[in-house]
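Structural description and commentary
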Amino acid sequence: MAPIFKPLKDKEFFTPFGPVMGFFKMPPAFVDQMNAAMSQQLADHSDHLVGKVSQELRFDQNLINLAVSGVGQALVEYHAFAKKRNAFGDYDPSTKRYELQVMSGWFIRQFETEYNPLHIHTGCTISCAGYLNLPEGIEAEWEEDYKDHHPSHGHIQFAHGTDAAYSFSNFMAKPRVGDFYIFPSHMFHCVYPFYTKGERRSFSMNVVVDEKDA
Ligand SMILES: [Fe+2]
C-alpha cells in the first residue's frame, strides 16, 4: 500500500522521495581502537572489490564485533528513521525489535593516486564508510583544490537518479577522521584520487537490519 500523506501544519515542505543518508561522528576512542585493530594478518580482498587501492583487508569476527560496538546503534537508528520517513511518520520504532546482521566488513587503505571507481554494494541493504586516517598535509592539497570550481581530491561522491528541477542527484563529502556515512547499498558512489603522500584509511561494512514486532 502506498503511504497516504496527511498534512499536520498549514505549511510544509517535505522530502518523501529518494534515498535516506546518515551521518554519525564516531568517538575518537573508537577511531583509535579501529586503527589499533588493523593488522596485516587480515586477508586482503582487494582482488574481489572494485577499489583501485593498495589493500582492502577483510574484517574477522573480532573486528566485526568491535565495529558494531561503535556504529551498530547508528545503523539501526538509520533504518528506523528511513522506515518512519517512508511511512510519513506512521511507524513506531518502540514497537519493533531490531537485529543487525553484518554480511562483511573491511578496511580500505588508499594511497596517493589511488581511487575507487563508481560502484554499488550487493548482498545487503545498508552500506557505510567511516574515516580512520588521512595523509598528513592533505589540508594544503585541499586548500589548492578548493580554488577550483569543482573540488574533489580524495572526496567520496554519492549519486542517485538524475538531476531535475527541485531534485538533486549527487553530492560529495570531504573525509574527516571520525566521520561516518550511512547509505543504501544500491546507491552509486566513488572515491577520487589525491596526491599527498600517505594513507587515507577508511572502513566499510555491508549490513542488513532485521525487524520484528517487539
Ligand atoms: Fe563502496
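Okay, so let's go over this structure. This structure is a prediction, so every number in the text was calculated from the model and none was measured.

Conventions used here
- Residues numbered from 1 in each chain as written.
- Predicted model: local features only at pLDDT ≥ 70, side-chain atom pairs only at ≥ 80, totals over all residues.
- Pairing = 2+ DSSP bridges.
- Helix = DSSP H or I, 4+ residues; strand = E, 2+ residues; numbered from the N terminus.
- Contact = placed C-beta atoms within 7 Å.
- Axes fitted to C-alpha atoms, helices over the stretch in contact; angles between N-to-C directions.
- Parallel < 35°, antiparallel > 145°, perpendicular 65-115°, else oblique.
- Nonpolar A, V, L, I, M, F, W, Y, C, P; charged D, E, K, R; others polar.
- Core = buried A, V, L, I, M, F, W, Y, C linked by C-beta atoms within 7 Å.
- Buried ≥ 20, exposed ≤ 12 C-beta atoms within 10 Å, placed from the backbone.

1. A short note on the pairing of strand 3 (residues 96-111)
The pairing of strand 2 (residues 55-58) with strand 3 spans four bridges and is antiparallel. Within strand 3, the position partnered with Leu57 by the bridge is Phe107. Sheet topology note: the strand 3/strand 10 (residues 199-213) ladder contains 15 bridges and is antiparallel. Note on strand 10: the bridge partner recorded for Glu99 is Asp210.

2. Concerning the environment of Asn133
For Asn133, the position within the fold is in strand 5 (residues 126-133). For the pair formed by Asn133 and Leu49, sequence separation is 84 residues and the distance between their alpha carbons is 21 Å. Not counting residues up to four positions away in its chain, the partners in contact with Asn133 are Asn35, Val177, Glu199 and Arg201.

3. Notes on the environment of Phe107
Within the element layout of this structure, Phe107 appears in strand 3. Remark: the alpha-carbon pair of Phe107 and Gly51, spanning 56 residues in sequence, is separated by 11 Å. Leave out the neighbours within four places in its chain, and Phe107 touches Met38, Glu56, Leu57, Arg201 and Phe203.

4. Details of the packing of helix 1 (residues 28-37) against helix 2 (residues 61-86)
Two elements in contact, helix 1 and helix 2, have axes separated by 10 Å at closest approach and are oriented at 170°. Judged on the interaxial angle alone, helix 2 and helix 1 are roughly antiparallel. Residue-level inspection shows Phe30, Gln33, Met34 and Ala37 of helix 1 in contact with helix 2, the latter providing Leu63, Leu66, Ala67 and Gly70. Across the contact of helix 1 with helix 2, the residue classes tally to six nonpolar, two polar and no charged.

5. Overview of the nonpolar core
Counting residues in each nonpolar core, the largest one holds 30 residues, and the members touching the most others are Ala67, Leu75, Ile126, Cys128, Ile182 and Phe203. Listed by contribution, the elements that provide at least two residues to this core are helix 1, helix 2, strand 3, strand 5, strand 8 (179-184) and strand 10. Filtering out sequence-adjacent residues up to four positions away, Ala67 remains in contact with Met34, Phe59, Gly105, Phe203 and Met205.

6. Regarding the sheet that holds strand 10
Judged by pairing direction, the sheet is antiparallel, and its six strands sit side by side in the order 1-8-5-10-3-2 without closing on themselves. Of all the strands in the sheet, the pair left with one neighbour each is strand 1 (22-25) and strand 2. Between one strand axis and the next, the sheet turns through 25° on average, direction left out of account. Bridge count between strand 5 and strand 10: seven bridges; the pairing is antiparallel. The partner of Ser127 across the bridge, within strand 10, is Asn206.

7. Here's the deal with the sheet that holds strand 9 (residues 188-191)
Reading across the sheet, the four strands line up as 4-9-6-7 and stay open at both edges, with antiparallel pairing between neighbours. Where the open sheet ends on each side, the last strands, each with one partner, are strand 4 (116-119) and strand 7 (170-173). When the angles between neighbouring strand axes are averaged without regard to direction, this sheet yields 15°. One ladder, built from four bridges, connects strand 6 (residues 156-159) with strand 7; its direction is antiparallel. Pairing of Phe158 across the sheet is with Phe171, part of strand 7.

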